[in-house]
Amino acid sequence: MQWRSIVVGLVVLRLSVSWVLWLAFGLGPEISSGFNFHLGFNLHKLDLLFREEKEADPSAGSWSQRVQGHRYDETATTCAEFGEDSTRRSYLNLFDGNKDEYVRRYRSFPDTLRVKMKDMAKEMFYFGYENYMKYAFPEDELNPIDCEGRGPDVMNPSNININDVLGNYSLTLIDTLDTLLVLGNVTEFQRAVKLVIDTVSFDKNSTVQVFEANIRILGSLISAHILLTDSKHPFGEVGFKDYDNELLHLAHDLAVRLLPAFENTSTGIPYARVNLKTGVPQDSINETCTAGAGSLLVEFGILSRLIGDSTFEWVARRAVRALWNLRSNETGLLGNVINIQTGQWVGKQSGLGAGMDSFYEYLLKSYILFGEKEDYQMFKAAYESIQNHLRRGRESCNEGEGDPPLYVNVNMFSGEIMNTWIDSLQAFFPGLQVLNGDIDDAICLHAFYYAIWKRFGALPERYNWQLKAPDVLFYPLRPELVESTYLLYQATKNPFYLHVGMDILQSLEKNAKVRCGYATLHHVVDKSKEDRMESFFLSETCKYLYLLFDEDNPLHKSDNKYIFTTEGHIVPIDKRFREKQWNDLSPCEEGALAETETSNQPPPSNISNCNRIPEERRYALPLKSVYMRQIDHMVGVF
């Protein structure tokens, strides 16, 4: 019997040692006790998570230490360096919600605080809007520091930073129309509409960018017209007796003035700029960006279907097809700048930011609106190429080892990384991924941009992920991060995103507010300012912030579905937009769709995938604390 006692004692001893090791380092058996994590971490995983990497594994897909296959300095590490005691404490904190700082900070958001933030967002909008109307209208923009209006730079026609956008047509007022309805101010909306009808004309000697005039002016006029006349709209009775489709007539007039951009181009890809009186300027260059030429279909398509004239949708769709047919045969990627006469790519960089962003966005949104299978097939193929060639990092956002997913800029033909920066416009992509149902990747990419915001209190126009520093330092109050935050909250209802919105709101109030509005940050580090408040601040940034905190907004309670244009304008998903009063004048170019067919499965009839997040995930952090900590360290938050 003695030997049996010895054996039992040894078994008990081994189990005790295993239990102690499991408590200390997660070295025990692969078991789960209701936690979100598997508890089978080993020392290698601990090293990855809480100590500096000693050696990079080429198979790990690390983008932070290698570019085009070359190693960078070992000091450019993914994770922070801790002592042994710190390692043990940090690891155990992952399983104690009362001690983990991320769980403590983000796990709840009281209703009283939500109402406070909603009111703060409303006050932010009205401070900018009322000062624009007081000091700037009828000019295009407000200079919020000097409390003056701003129009086109007529003394310097080459100043395209200003002149591409400002056309001497009361830009900010037009761009803001539907935001007034979102905030519930029907009286001011009606007054603003009447002001536009009475004072705005497009018969101006202004040379503007086709893309900007389309998304900011044409899109807003169409949206406001639909909301005025649509009996199913969610904002109550907003029409008025004397309205006679004037906004639609203005939209049609503007679109006609943009049409010369599509003439005399051998590819069908439009010129970047037109003069609203005289057409394409004599000195126009033959180069345009992919987003500028390929992001007209939503607004032009709705206009065509409202007035029964196929011209506008046809020219916009022809441009999209032309760009699509010029993609790389090797990678399926497009570049960012093209010659509209030769079809040669001048800019061979393929990414998700400036020059590319809304091209992908409008492939999906055009399908949602119009139901054209062609649009979805192009989007599906483009998204697959993006995942194959632009995405770096670990395979899963919320599991596994290695760097978090990130989308980098690559050569469109080879797929090799071209630089180590990303730009702030790319922060729209998590929102697009939400519409596509790819929630997990959206969560990870959004967390990366949020970490940049936490570090600087703004998003620098370009951020170098290798150097952990901005490459281009200004922030013009862009809405893309807020937009993705709003859409992720709608998809997950996770209070984490209310905290993100609060951080953004408070940062803007602290860093951008000036005497008569909110000013562009010239330098995200020292917070120096430029005297400009772009129209999208009121049209998008304030709108998404308000909607984020307004759970009971009519837009959220409506039985009808809506999407936002790339400028944040509201358009309904309406049966009438899926019906054409004409036959296709130009069928798809031969082979244009055959190559994009990746599956015999039909496209989904409902792109909304908000219910794909498991119920239990709505009560935990959207991204596990260990991965949030990893991203924060990589960005330099701590």
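Residues numbered from 1 in each chain as written. Predicted model: local features only at pLDDT ≥ 70, side-chain atom pairs only at ≥ 80, totals over all residues. Heavy atoms only, no water.

As annotated in an unreviewed UniProt entry, the protein chain is alpha-1,2-Mannosidase from Xiphophorus couchianus. Under the UniProt heading Sequence similarities (unreviewed entry), the entry covering the protein chain gives this text: "Belongs to the glycosyl hydrolase 47 family." For the record of the protein chain, the UniProt heading Subcellular location (unreviewed entry) holds the text "Endoplasmic reticulum membrane". (UniProt positions renumbered as here; feature names shortened; annotations may be inferred.)

With that settled, the discussion passes to the pattern of salt bridges. In this structure the tally under the stated criterion is 31 salt bridges. Taking the shortest distance from any N to any O, the salt bridge between K543 and D178 comes out at 2.8 Å. Within this pair, whereas K543 is found in helix α21 (residues 536-549), its partner D178 is found in helix α8 (residues 177-182), the two being separated by 365 residues in sequence. For the pair shown, K543 and D178 are each scored as buried. Its salt-bridge partner being R317, residue E374 comes within 3.6 Å of it at the nearest N-O pair. Here E374 is found in helix α16 (residues 373-389), whereas its partner R317 is found in helix α14 (residues 311-325), with 57 residues between them in sequence. If you follow the salt bridges from partner to partner, you end up with R305, E313, R317, R321, E372, E374 and D375 in one network. (Salt bridge = Lys/Arg side-chain N within 4 Å of Asp/Glu carboxyl O. Helix = DSSP H or I, 4+ residues; strand = E, 2+ residues; numbered from the N terminus. Buried < 20%, exposed > 50% of the residue type's maximum accessible area, 1.4 Å probe, protein only.)

Contact pair α16 / helix α17 (residues 429-436): the axes reach a minimum separation of 13 Å and the direction vectors enclose 125 degrees. The orientation of α16 with respect to α17, classified from their angle, is oblique. Every pair of crossing elements has a handedness; the one defined by α16 and α17 is left-handed. Across from F379, Y383, I386 and Q387 in α16, the residues of α17 making contact are F429, L432, Q433 and N436. Split by residue class, the contact of α16 with α17 holds five nonpolar, three polar and no charged. (Axes fitted to C-alpha atoms, helices over the stretch in contact; angles between N-to-C directions. Parallel < 35°, antiparallel > 145°, perpendicular 65-115°, else oblique. Left-handed = near helix turned anticlockwise from the far one by under 90°. Contact = heavy atoms within 4.5 Å. Nonpolar A, V, L, I, M, F, W, Y, C, P; charged D, E, K, R; others polar.)

Bringing the state of the cysteines into the picture now. Each disulfide is one covalent bond, formed between the sulfur atoms of two cysteines. Applying the stated criterion across every chain yields a total of two disulfides. C147 shares a disulfide with C516; S-S distance 1.8 Å. On the sign convention where negative is left-handed, the bridge of C147 and C516, at about 85 degrees about the S-S bond, is right-handed. Residue C147 is found in the loop between β3 (141-143) and β4 (148-150), and its partner C516 is found in the loop between β17 (513-514) and β18 (517-518); the two are separated by 369 residues along the sequence. The residues C147 and C516 share a single accessibility class, namely buried. One disulfide in the model links C397 with C444; its S-S distance is 2.3 Å. Residues C397 and C444 are joined through a disulfide that is right-handed, its torsion about the S-S bond being 95 degrees. Pair noted here: C397 is in the loop between β11 (391-392) and β12 (406-407) and C444 is in helix α18 (residues 439-456), with a separation of 47 residues, a long-range link. On the accessibility criterion, C397 (2% relative accessible area) is buried. Looking at C444, the relative accessible area reads 0%, which means it is buried. (Disulfide = S-S within 2.5 Å.)

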